[in-house]
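Coordinates in review
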Amino acid sequence: MRFVAIALLLCFYLLPARATAQKVSLSGYMRDGATGESLIAGTVYIKEADQGAQTNTYGFYSVTVPAGKYTVIFSYVGYNPIMLEMDLTTNLKYNAELVNGSTMKEVKITSGRKDEHVKNAEMGTVSLSIGRIKTLPVLFGEVDILKTLQLLPGVQSAGEGNSGFYVRGGGPDQNLVLLDDAVVYNTGHLFGFFSVFNGDAIKDVTLIKGGAPANYGGRLSSVVDVSMKEGNMKEYHAEGGIGLIASRLTLEGPIKKEKGSFMVSGRRTYIDVLAKPFAKELENTGYFFYDANLKANYKLGEKDRVYLSGYTGVDKFKFQNSRGTFKADIPWGNNTATLRWNHQFTDKLFANTTLVYNDYNFASNFSQNNFSVKLSSGIKDYNAKTDFDYYTRQNHHIKVGGAYTHHTFIPNQISGQLDTIKLEPDNAYIKYAHEAGVYILDDFDATDRLRVNAGVRYSWFGQTGPYTAYTFDAAGGVADSAKYGRGKIVKTYGGWEPRLNLRYTLNEKSSIKTSVSQTYQYIHLVSNNGSTLPTDIWAPSTFLIRPQKAIQYSAGYFHNFLDDKLETSVEVYYKDMRNQLQYREGYTPNTIRDPELEYVFGRGTAYGAEFFVNKTKGKFTGWVGYTLAWTYQTFEKLNGGEPFPLKYDRRHDVSAVGTYTFNKKWTVSSVFVFGSGNAITLPTAYYFIDGELVQLYSKVNAYRIPSYHRLDISATYTPQHSKPRRWQGSWAFSVYNVYNRKNPYFLYVDNSGSVSSGISVKAYQVYILPIVPAITYNFKF
């Protein structure tokens, strides 16, 4: 903390004293006028001073200008702006309540700050409202924010129908996914086909692909920051939907009007329930998932507010054969809880303190006759952090804070029973660690043209016992070992993480932005697959496993057309990644050896260009994105030490999204995606040893599966009534994979025949999602 204090004092000392005229501050909160919900990243623009500010995560803003009379504009995407004439002679507090644009006639304001795309210093950052996400066609009619993010340039899907994703050449573990500040370790339901985020419970989602500010840490590639709804502070409301495979219901309302509110939301699939009457042999076999979100908040006073939020989600797969001799029960899920306290010290200083509990677990239970076995893995976190927002008189927005997390990792744990004999391991492979970080950043205008977001983070990681540390000889054998007791520090790592984002304005419609960032990642997801399936193993940095490290450089040109209705950008990036993990060649999963003894380490490189055109206003909205990218890794002990493309090295990636509103009743949308085939390793030769056919494989990922492409369409019908009704309903019709493209889910090679009659070898392509129509009835009251 000494560094943070010194750095903060230096920032104050170096702040330019541009003017001696009396200055006053305008501060307050920006909220939804109908519900009282905080509006994140809303814009406050003081026209005559050409000075602006953005609201923070809790809707708070503060801006300082010389005393005088001004035109002040409060704006937020999808809402009608507020324009006020204000006489700012003293410090003033004003809480702006904006009205959603869909609830009243459009109010046109021609002199607002509509050019944030060009004027802010953020690179590779996209914020999407849940309202826009809900208009797009989706698989089985289930709104999915992660699949929407996959439609943006630089973001690739993990596979057909999968909610897993890769960002700028990084693996799925390199994405920091947050739900109300709680880390989400497994983002998918139904083996990845649906994300864990219920659209009815979500307020806002922000993706940062590169150059993440210093207040974020712990991952190399991206940040997905998801905020849950706070609940309506003024009225009780309900909304939900009934679909083909799942239904959902959300309730919200005031705990005490204008003082506190709550939101509770639930969702469940019912494939298992619907199938039972038609398939008696599947009576004890089935799959379902459910999840629930809860959030409550209460104002303790004008300057204090507390929030409590939680999430629980469970997937469960059960199987029993017709004779009842073999049974499988496979549950997995996430549980999170977040407690936050906001305090406003002054009109310039805002603080938030957060406590988080996080638990992800996966289990496999198998039994056959009198034998049973259970395999489990997981991760549990306890986290505490404090963040301060300070707005100076020179309109520097300084953020400073720190965080601590205690991790418990269960990489692989096995237990079983045969008759009366029990197998109960001593949990030697469970690992423990501390992780901490402190940061400071400053966001400010250095000149009229140059905006700077500069920061630094220091992160630290310490593995603790119980643990047995091994050292190895030149042949790979164990040369020595040392045992560490509970709580004893085994190994520590740490490092500085500088972050710098610059924006230089060329003119009112265009700017150039650059970014450089260094990041460390101390936990790793190790998998033989390309997506976050529940069988993947989370492992910490240890005596043997060094933390991942990345340096990313990026630059871009941003330009707005048509009175800022059309936003365009071109971004290029280069990312150097160290200490990447893979399983060694010939690895077979087992529970006899510690998994960390099976890893090999290497280096990764990713680079590419992203093109983006986004129409944000009018009856027709949408975007087109194109990514040209390369991703390679080099491991001394894999592929003969030669570089190889990763599975998700996808050369070309295209997405086109369009939404057209005909009238208040009908809205139609379409999505088209194209992606080059993923890299794959295939057998290239066969030979016999003692009459047995043996395969000889190609170099790692030397081949490509066929290209992927798909068209989806949807239409939403909202009945209109002559008189207002409390019950409002709409029908959503969608078709996934309109032209029934047989996109490969995976390839496999099979052989038949014998030595005497000849061997026939064929490669087969497996696809799982043909054309899929869906209908969902959505309602609110």
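Here, every reference points to the structure presented above.
The model shown is predicted, which means the values in this text are computed figures rather than measured ones.

**Some points on the overall build of the protein chain**
- Check the secondary structure of the protein chain and you find five helices and 52 strands.
- Taken across its 781 residues, the protein chain has 52% of its residues classed as buried.
- Across the protein chain, contacts joining residues at least 24 apart in sequence account for 65% of those joining residues at least 6 apart.
- As displayed, the protein chain offers around 35,000 Å² of accessible surface, 58% of which is attributable to carbon and sulfur atoms.

**As for the sheet that holds strand 2 (residues 43–46)**
- Here we have four strands laid out as an open sheet, ordered 3-2-5-7, and antiparallel in their pairing. Since the sheet does not close on itself, it has two edges, and those belong to strand 3 (51–54) and strand 7 (82–88), each with one partner. Direction aside, neighbouring strands of the sheet carry axes that sit 20° apart on average.

**A word on the pairing of strand 34 (residues 510–521)**
- Burial analysis of strand 34 places nine of its 12 residues in the buried class, the great majority of the element.
- Of the pairings in the sheet, the one linking strand 33 (residues 489–507) to strand 34 comprises eight bridges and is antiparallel in character. Residue pairing across strands places Leu502 opposite Thr514, the latter belonging to strand 34.
- Summarising the sheet, strand 34 and strand 37 (residues 548–561) pair through 12 bridges and their orientation is antiparallel. From the neighbouring strand, Gln518 faces strand 37, where its bridge partner is Ile551.

**Points about unusual backbone geometry**
- That bond from Gly465 to Pro466 is cis: its omega, 5°, falls within 30 degrees of zero.
- Along the polypeptide, Pro466 turns up in the loop between strand 30 (450–464) and strand 31 (467–472).
- Although it is not a glycine, Leu562 adopts a positive phi angle of roughly 50°.
- By the element assignment, Leu562 lies in the loop between strand 37 and strand 38 (566–583).
- The exposure class of Leu562 is exposed, given its relative accessible area of 60%.
- For Asp564, which is not a glycine, the phi torsion comes out positive at approximately 70°.
- Mapping Asp564 onto the fold places it in the loop between strand 37 and strand 38.
- Overall, the relative accessible area of 6% leaves Asp564 in the buried class.

**Description of the side chain of Glu239**
- Tracing the backbone through its elements, the reader meets Glu239 in strand 19 (residues 237–242).
- Within the local environment of Glu239, its side chain forms a polar contact with the side chain of Lys229, the two groups lying 2.6 Å apart.
- Every residue in contact with Glu239, bar those within four places of it in the chain, is listed here: Lys134, Asp200, Lys229, Leu249, Thr250, Phe779 and Lys780.

**A closer look at the sheet that holds strand 14 (residues 182–183)**
- Ordered by their spatial adjacency, five strands build an open sheet running 10-17-18-13-14, and the pairing between neighbours is mixed. At either end of the open sheet lies a strand with only one pairing partner, and these are strand 10 (125–129) and strand 14.
- Examined bridge by bridge, strand 17 (residues 202–208) and strand 18 (residues 222–228) share six bridges and lie antiparallel to one another. Bridge pairing in strand 18 places Thr206 opposite Asp225.

**Focus: the pattern of salt bridges**
- A complete count under the given rule lists 29 salt bridges for this structure.
- Where Glu239 meets Lys229, a salt bridge forms, and the shortest distance between an N and an O atom there is 2.6 Å. Highlighted residues: Glu239 in strand 19 and Lys229 in the loop between strand 18 and strand 19, separated in sequence by 10 residues.
- Taking relative accessible area as the criterion, Glu239 reaches 12% and is therefore assigned buried.
- Its salt-bridge partner being Arg503, residue Asp445 comes within 3.5 Å of it at the nearest N-O pair. Of the two residues, Asp445 is situated in strand 29 (residues 431–445) and Arg503 in strand 33; the sequence distance between them amounts to 58 residues.
- Judged by relative accessible area, Asp445 falls into the partly exposed class, the value being 25%.
- Taken together, the shared-partner salt bridges in this structure form one network comprising Asp180, Asp181, Lys295, Arg340, Lys385 and Asp387.

**With respect to the packing of aromatic side chains**
- According to the stated counting rule, one finds 29 aromatic pairs in the structure shown.
- Aromatic pair Tyr166 and Tyr648: ring centres 4.1 Å apart, planes at 15°, arrangement stacked. In this pair, Tyr166 is assigned in strand 12 (residues 165–167) and Tyr648 in the loop between strand 41 (644–645) and strand 42 (652–661), connecting sequence segments 482 residues apart.
- Classification of Tyr166 as buried rests on a relative accessible area of 2%.
- Look at Trp332 and Phe362: their rings are 6.3 Å apart centre to centre, the planes differ by 50°, and that puts the pair in the tilted class. Taken together, the residues span a long stretch of sequence, with Trp332 in strand 24 (residues 326–344) and Phe362 in strand 25 (residues 349–368) at a distance of 30 residues.
- Since its relative accessible area comes to 2%, Trp332 is described here as buried.

**Concerning a nonpolar patch on the surface**
- Taken together, the side chains of Leu244, Phe620, Tyr660, Phe662, Trp666, Trp731, Phe733 and Ile775 make up a nonpolar region of the molecular surface, amounting to roughly 710 Å² of accessible area.
- Within the secondary structure, Phe620 sits in strand 40 (residues 620–635).
- The exposure class assigned to Phe620 is partly exposed, which follows from its relative accessible area of 40%.

**Side note on the nonpolar core**
- Core analysis: the biggest nonpolar cluster contains 67 residues, and Leu152, Phe197 and Val224 have the highest contact counts within it.
- The residues contacting Phe197, other than those within four sequence positions of it, are Val143, Ile145, Leu146, Val177, Leu179, Val184, Ile202, Val226 and Arg267.
- Val44, Ile46, Val63 and Leu88 belong to the second-largest nonpolar core, a separate cluster that totals 20 residues.

**A few points about the environment of Asn453**
- With respect to the helices, strands and loops of the structure, Asn453 is situated in strand 30.
- Through-space distance from the C-alpha of Asn453 to that of Asp442 is 5.7 Å; in sequence the pair is 11 residues apart.
- Look past the residues within four positions of Asn453 in its chain and what remains in contact with it is Ala121, Leu441, Asp442, Asp443, Arg499, Leu500 and Asn501.

**Side note on the pairing of strand 19**
- Relative to strand 20 (residues 246–256), strand 19 is paired through six bridges, and the arrangement is antiparallel. Across the sheet, the residue bridging to Gly241 is Arg248, located in strand 20.
- Hairpin connection between strand 19 and strand 20: a loop of three residues separates the two successive antiparallel strands.
- Pairing of strand 19 with strand 52 (residues 772–780) involves four bridges; the strand directions are antiparallel. Bridging across to strand 52, Gly241 finds its partner in Asn778.

The rules we used
Residues numbered from 1 in each chain as written. Predicted model: local features only at pLDDT ≥ 70, side-chain atom pairs only at ≥ 80, totals over all residues. Heavy atoms only, no water. Helix = DSSP H or I, 4+ residues; strand = E, 2+ residues; numbered from the N terminus. Buried < 20%, exposed > 50% of the residue type's maximum accessible area, 1.4 Å probe, protein only. Contact = heavy atoms within 4.5 Å. Areas by Shrake-Rupley, 256 points an atom, 1.4 Å probe, with all protein chains shown as cover. Pairing = 2+ DSSP bridges. Axes fitted to C-alpha atoms, helices over the stretch in contact; angles between N-to-C directions. Polar contact = N/O pair within 3.5 Å; in protein donor to acceptor, adjacent residues only side chain to side chain. Salt bridge = Lys/Arg side-chain N within 4 Å of Asp/Glu carboxyl O. Phe/Tyr/Trp six-rings, centres within 6.5 Å; stacked < 30°, edge-to-face > 60°. Patch = residues over 30% accessible without salt bridge, like charges linked within 9 Å, V, L, I, M, F, W, Y side chains within 5 Å. Core = buried A, V, L, I, M, F, W, Y, C linked by side-chain atoms within 4.5 Å.

Shape is all these values report; function is a separate question.
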